[in-house]
Number of protein chains: 2
Amino acid sequence: MKLTSRQGKILEIIIKDFINKAEPVSSRTIAKSYNLGISAATVRNEMSDLEEMGYLEQPHTSAGRTPTQKGYRFYVDQLMPIKSLTQKERNYINTGYQQALDEIDNIVQQTAKIISHIIPYTSMVSHPHMKTNKYIHGHLVSLDGFRVLLVLITELGTIEKKILEFPFGIKEEKLDEISVLLNKYFKGMSLEEIERYLISILDQEIVEQQAAIIMQNIMKGIEENSFCTEKIYLGGTSNILDIPEFKDREKVKKIIRFLEEEHLMACLLDREQTNKVIISIGSENESLPIQDCSLVTATYHLNGQLIGKIGVLGPTRMEYDKVVAVVDYISTNIENILKNILN
Amino acid sequence: MKLTSRQGKILEIIIKDFINKAEPVSSRTIAKSYNLGISAATVRNEMSDLEEMGYLEQPHTSAGRTPTQKGYRFYVDQLMPIKSLTQKERNYINTGYQQALDEIDNIVQQTAKIISHIIPYTSMVSHPHMKTNKYIHGHLVSLDGFRVLLVLITELGTIEKKILEFPFGIKEEKLDEISVLLNKYFKGMSLEEIERYLISILDQEIVEQQAAIIMQNIMKGIEENSFCTEKIYLGGTSNILDIPEFKDREKVKKIIRFLEEEHLMACLLDREQTNKVIISIGSENESLPIQDCSLVTATYHLNGQLIGKIGVLGPTRMEYDKVVAVVDYISTNIENILKNILN
DNA sequence: ATTAGCACTCTCTCTCGATGAGTGCTAATA
DNA sequence: TATTAGCACTCATCGAGAGAGAGTGCTAAT
């Protein structure tokens, strides 16, 4: 069931128009506004066919057509032009980053803000992932003798911490010693490397019982991923309220409630991603509360390693071309900034 | 212009009823439901007086009365009974804390969630404030030679960090030396104490230029308060959507947009507070976007020092008695938890 | 294959009247 | 003098009904 080029053209026009105006598109609009050289009646016939094929639907008999989820999918896969940002938009983004160039947290947070300023949807940006980051300093601090705080500083300037519990008290001097040891061995390693390394040294050099237990605890933390306090920053939550699709309070509530649960979003962003940018439309999303939304996610890397993600959540009637352009540009931007931080 | 006890009674009934039902209260309701032993007509006369005095108003001629802001204020100051939580509510709260007893961030975040589960408003909880916290470990780490990350670990297990910029490169060994010095002098001090102390030692023992400059930089950070990355956790943002007063999308948008700006909320919570709990109603709030909301804030302390705040934001038609009870109970709860952490 | 023309459908908006909740006032009552 | 019953009046709300308008589907002509 392939589309003729004219059908493709019409589908594209309908989708673009609907994305802009949020209102069913009529045959007349198409025939008049975009000069295809055919009459409204012809357009109507084509539209009827497109509906039969499942790309369009009608809210009611005497209304124009709106794209179906299948229609959007086809558009995104086959028809969508590759858009690039205007100079003005680029400038806006670049200026935005000039204010937040020091701390990673600020950069990530600012990214979310910037995104939701240039596109009217909600954005989410995940904090650089620690597993592949290199550690440049670690320290163990006793909180109350039995609970020890492990603090790890990465070369990006981010900090990971974890409380380790011990059945026996540990003196502070002992912890200091182990901290020194920790830094001696682990400096410059990523968690992954530390994990591998730990196994090899556990029995050899660190013979003392307490130290060994601490190390084992750290390893356990690595295994359980409990270090990865993957913080996610949101931007433009209020944008949802401007979207006509979500005029219904219940819908908005469902979405905002979803956005409140950080771990749900973490799952969302955590999906497998073969391309740099992927789009999921409507019920393609697994999470129920956002099944009438579309989600665009992009990855950002450092030294070839995936370290974070950017997500944009909006209605299925989303400006896909623009969102893709923004997300693409911004992820490259973050990559550059992070590279700069590391020189 | 004092109220008779009967007028007070009627005002109280009206406010309580309106808080529950969110609908103008009629004279008949009052005369029938709450047996005051007087007729609706008498109630009407009293209501008319109360309106004249500014405690009540009418949405339109043939509707019941609703409390004015002045009415709420009178209620809160003079009439409101002191409520305590039900056993069930206490249990809910206590259970909630059992899951999050290790890291402060989790405790604070969980607090916000708990609050907005037992009251249908938005809650905000500020992270323990660092200025009065004691530091148990500090470390300087070179990021790129010119930028140095100062990391401070408090006895509560929270971490403060700040990037210091230097016009000259500093070797890592030097930073390690200074770190040792830092801990030697500052261990167990609060930022306030460090500031005072710094001034006294700056010329004496730390004579070396680089160390002196670093110290000056730290001091500058203290002065500018730039350490105080006062994180605020939100709970129950979606609750706003259930409030009939905010049926208007524009109103909701205004409020949610406000909640998105962390620094605005920081200002909100930062207000002077002589009592443990204070209430501001409607236009008593300085921030424009929440002038049709009420805000209840409570402080929590540790060793007599104010270290954080809890806020609840809702409509002026707020269950003040319950909110006050919750906020009061929870702040005491946090205080106990923090005390426990420090033994 | 395309298109003009027309009947038909359905939503949206506006108006109108009925309904009912609630008040304010007046006059009677304790 | 305070209270109350009674009644007229007000105003929001709801539903029905009419009219307008946008858009389609179908048919017949090109």
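If you're wondering where the values come from, they're calculated on a predicted model, not measured in any experiment.

Draft legend 1. Broad picture of the packing of aromatic side chains. Residue and element names in this part refer to chain A. Per the counting criterion, the structure on display carries four aromatic pairs over all chains. A ring pair is formed by Tyr72 and Tyr320, whose centres lie 5.9 Å apart and whose planes are at 55°; its orientation type is tilted. Highlighted residues: Tyr72 in helix 4 (residues 69-79) and Tyr320 in helix 12 (residues 320-341), separated in sequence by 248 residues. By the burial criterion, Tyr72 is buried, and Tyr320 matches it. Over the aromatic face of Tyr233 sits the side chain of Lys231, whose NZ or CZ is 5.0 Å from the ring centroid.

Draft legend 2. Structural context of the side chain of Ser294 of chain B. Residue and element names in this part refer to chain B. Here Ser294 is to be found in strand 9 (residues 293-302). Of the residues examined, Ser294 reaches a relative accessible area of 0% and is grouped as buried. Reaching out from Ser294, the side chain makes a polar contact with the side chain of Tyr320 at a distance of 2.6 Å. Excluding anything up to four places from it in sequence, Ser294 contacts Ser280, Ile281, Gly282, Asn285, Val312, Leu313, Gly314, Pro315, Thr316, Met318 and Tyr320.

Draft legend 3. Main features of the protein's contact with DNA strand C. The local shell around DNA strand C holds 22 residues, among which Arg6, Ser39, Thr42 and Ser62 of chain A together with Ser27 of chain B are the closest. Backbone atoms, meaning sugar and phosphate, form 77% of the atoms of DNA strand C found within 4 Å of the protein. In the model, a base oxygen of DNA strand C is placed 3.4 Å from a nitrogen or oxygen of the Arg44 of chain A side chain. Interatomic distance of 3.4 Å between a backbone N/O atom of Ser62 of chain B and a sugar or linking oxygen of DNA strand C. Within the residue set of the surface near DNA strand C, elements represented by two or more residues are helix 3 (40-52) of chain A together with helix 3 (40-52) of chain B. Tallied by class, the residues present in the surface near DNA strand C amount to five nonpolar, 13 polar and four charged.

Draft legend 4. Inspection of the interface of chain B and chain A at higher detail. Counting residues at the interface gives 46 residues for chain B and 46 residues for chain A. With both sides pooled, the region where chain B packs onto chain A buries about 3700 Å², and carbon together with sulfur makes up 52% of that total. Contact with chain A buries surface across chain B, with Lys161, Leu241 and Arg249 of chain B losing the most and accounting together for 18% of the total. One can count ten salt bridges joining chain B with chain A. When the shortest N-O distance is used, the salt bridge between Asp105 of chain B and Lys161 of chain A registers 2.8 Å. The interface formed by chain B and chain A includes 22 residue pairs in polar contact (both at pLDDT 80 or more). Where the side of chain B that touches chain A is concerned, the elements lending two or more residues are helix 6 (104-118), strand 4 (135-142), strand 5 (147-154), strand 6 (159-165) and helix 10 (249-260) of chain B.

Draft legend 5. Region of the structure containing helix 4 (residues 69-79) of chain B. For helix 4 of chain B, the set of buried residues is Gly71, Tyr72, Phe74, Tyr75, Val76 and Leu79 of chain B. Looking at the buried side of helix 4 of chain B, the elements it contacts are helix 1 (5-21), strand 2 (66-67), strand 8 (277-281) and helix 12 (320-341) of chain B.

Draft legend 6. Structural view of the sheet that holds strand 5 of chain B. All names here are of chain B. The antiparallel open sheet is built from three strands, whose spatial order is 4-5-6. In this open sheet, the two edge strands, each paired with only one partner strand, are strand 4 and strand 6. Ignoring strand direction, the axes of neighbouring strands in this sheet form an average angle of 20°. Here seven bridges tie strand 4 to strand 5, and the two strands are oriented antiparallel to one another.

Draft legend 7. Spotlight on the protein's contact with DNA strand D. The environment of DNA strand D is formed by 22 residues, the closest being Ser27 of chain A together with Arg6, Ser39, Thr42 and Ser62 of chain B. Note that a phosphate oxygen of DNA strand D is positioned 2.8 Å from one of the backbone N or O atoms of Ser39 of chain B. In this structure, Arg44 of chain B approaches DNA strand D through a side-chain N or O atom, which is 3.4 Å from a base oxygen. Going through the elements one at a time, helix 3 of chain A together with helix 3 of chain B are the ones with two or more residues in the surface near DNA strand D. No other element matches the four residues that helix 3 of chain B contributes to the surface near DNA strand D. Taken together, the residues of the surface near DNA strand D break down into five nonpolar, 13 polar and four charged.

The rules behind each value
Residues numbered from 1 in each chain as written. Chains lettered and ligands numbered in written order. Predicted model: local features only at pLDDT ≥ 70, side-chain atom pairs only at ≥ 80, totals over all residues. Heavy atoms only, no water. Phe/Tyr/Trp six-rings, centres within 6.5 Å; stacked < 30°, edge-to-face > 60°. Helix = DSSP H or I, 4+ residues; strand = E, 2+ residues; numbered from the N terminus. Buried < 20%, exposed > 50% of the residue type's maximum accessible area, 1.4 Å probe, protein only. Lys NZ or Arg CZ within 6 Å of the ring centre and 35° of its normal. Polar contact = N/O pair within 3.5 Å; in protein donor to acceptor, adjacent residues only side chain to side chain. Contact = heavy atoms within 4.5 Å. Near = heavy atom within 4 Å. Nonpolar A, V, L, I, M, F, W, Y, C, P; charged D, E, K, R; others polar. Buried area = accessible area lost by both parts, 1.4 Å probe. Salt bridge = Lys/Arg side-chain N within 4 Å of Asp/Glu carboxyl O. Pairing = 2+ DSSP bridges. Axes fitted to C-alpha atoms, helices over the stretch in contact; angles between N-to-C directions.

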